[in-house]
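# Observations on the three-dimensional arrangement
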Amino acid sequence: MTTAHNRNQSDHLGHPGHPGHPDDLRTARAHSFNAAAAQYAANRPDYPPALFDAVEELAGRPLAGARVADVGAGTGIATALLHARGANVVAVEPGAGMAAEFRRRLPAVPILRGDGNALPLADASADFLTYAQSWHWTEPARSVPEALRVLRPGGALALWWNTDARDVPWIAAQARRLEHRLGTGKGTIGPRAEAAFTGAAHVPDFAFRRVRWSRTVSVDTHLANLGSHSIFLVLGEEDRSAFLAEERDHLLEVFPEGLVEEVYDVLLIVAVPEPEPVSAATDPDSDPDPASHS
């Protein structure tokens, strides 16, 4: 592919730079992954084949042979799966720590430093732009125009998130404990199909799909996965360790054999933007003199 370059606190916190201001908390959470890249890579869930089937169905084109830019690629969890589907993938990742772990795990896949607000990619250079667990870190007022710039005609923007299946009783109970202790969940952003493009001047037509899947892991892996979320990474070590120790006790009550079935709903959004209409003044195939056929 061608390249060119804790609690939801609000008004009373004042301006950016004030300790605890939401903008500063968001920035701290966004950067927190770099120091925990190996933990993230080793314990976060991946994605089921049915997700990529749905991406292809909604986009109306296969991943195999497509030019794909995986943005906010992190340690390469989604990138590796896209590559395995036969896509020609380049990764884009802003974080130094995550990019270093990516290179360690996927040395043959190119990776560029950058983010969705200013993609280091040429115009009309990608068949797919994918964002796995990462679109919510962008500013849609900037990232939507960037996606439109980089996608080829007929190209697709695919956004997805692994989210906890809250209709599963033990997961709902854990979510309540998180909200009680931390004032928030693990960093998810509500009904993404409605909120994903908030702030964008132009909202592309999109389709939505939910894909349920599960994996069975040890209690240790589940807790390491939990602890790799930004809401935990910005906590002090004492608070984080205390919560995870209590959570271990709760989990072993439900899973006395020490194996946890994590159940996920992948929320998928796929947009295939319409190409901009070409005016007669700029269309090289248009007839400059309609009367010539009369």
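Below is a short write-up of the structure. (Residues numbered from 1 in each chain as written. Predicted model: local features only at pLDDT ≥ 70, side-chain atom pairs only at ≥ 80, totals over all residues. Heavy atoms only, no water.)

## Description of the pairing of strand E4 (residues 126–132)
- Counting buried positions along E4 gives seven out of seven residues, so the element sits mostly inside the fold.
- Relative to E4, strand E1 (residues 67–71) runs parallel, the two being bridged by three bridges. Within the sheet, the bridge partner assigned to Asp70 lies in E4 and is Thr130.
- As judged from the six bridges shared by E4 and strand E5 (residues 151–164), these two strands associate in the parallel manner. Across the sheet, the residue bridging to Leu129 is Leu157, located in E5.
- The parallel pair E4 and E5 is bridged by helix H6 (residues 140–150), and the resulting crossover is right-handed. (Buried < 20%, exposed > 50% of the residue type's maximum accessible area, 1.4 Å probe, protein only. Helix = DSSP H or I, 4+ residues; strand = E, 2+ residues; numbered from the N terminus. Pairing = 2+ DSSP bridges. Right-handed = clockwise from strand over helix to strand, strands pointing away.)

## With respect to the nonpolar core
- Tyr47, Leu51, Val68, Phe128 and Trp160 are the most contacted members of the largest nonpolar core, which totals 25 residues.
- Of the residues forming this core, the biggest block, five residues, is contributed by helix H3 (residues 49–59).
- Residues in contact with Trp160, not counting those within four places in the same chain, are Tyr47, Leu51, Phe52, Val55, Ala78, Thr130, Tyr131, Ala132, Gln133, Val266, Leu267 and Leu268.
- The next biggest cluster of nonpolar side chains, apart from the first, holds 22 residues, and it includes Ala126, Leu129, Tyr131 and Val144. (Core = buried A, V, L, I, M, F, W, Y, C linked by side-chain atoms within 4.5 Å. Contact = heavy atoms within 4.5 Å.)

## Description of unusual backbone geometry
- One non-glycine residue, Ala124, adopts positive backbone phi at about 50°.
- Relative to the helices and strands, Ala124 is located in the loop between strand E3 (111–113) and E4.
- Positive phi is not limited to glycine here, since Gln133 has a value of about 60°.

Note that every value here comes from positions in space, so none of it alone points to a role or purpose.
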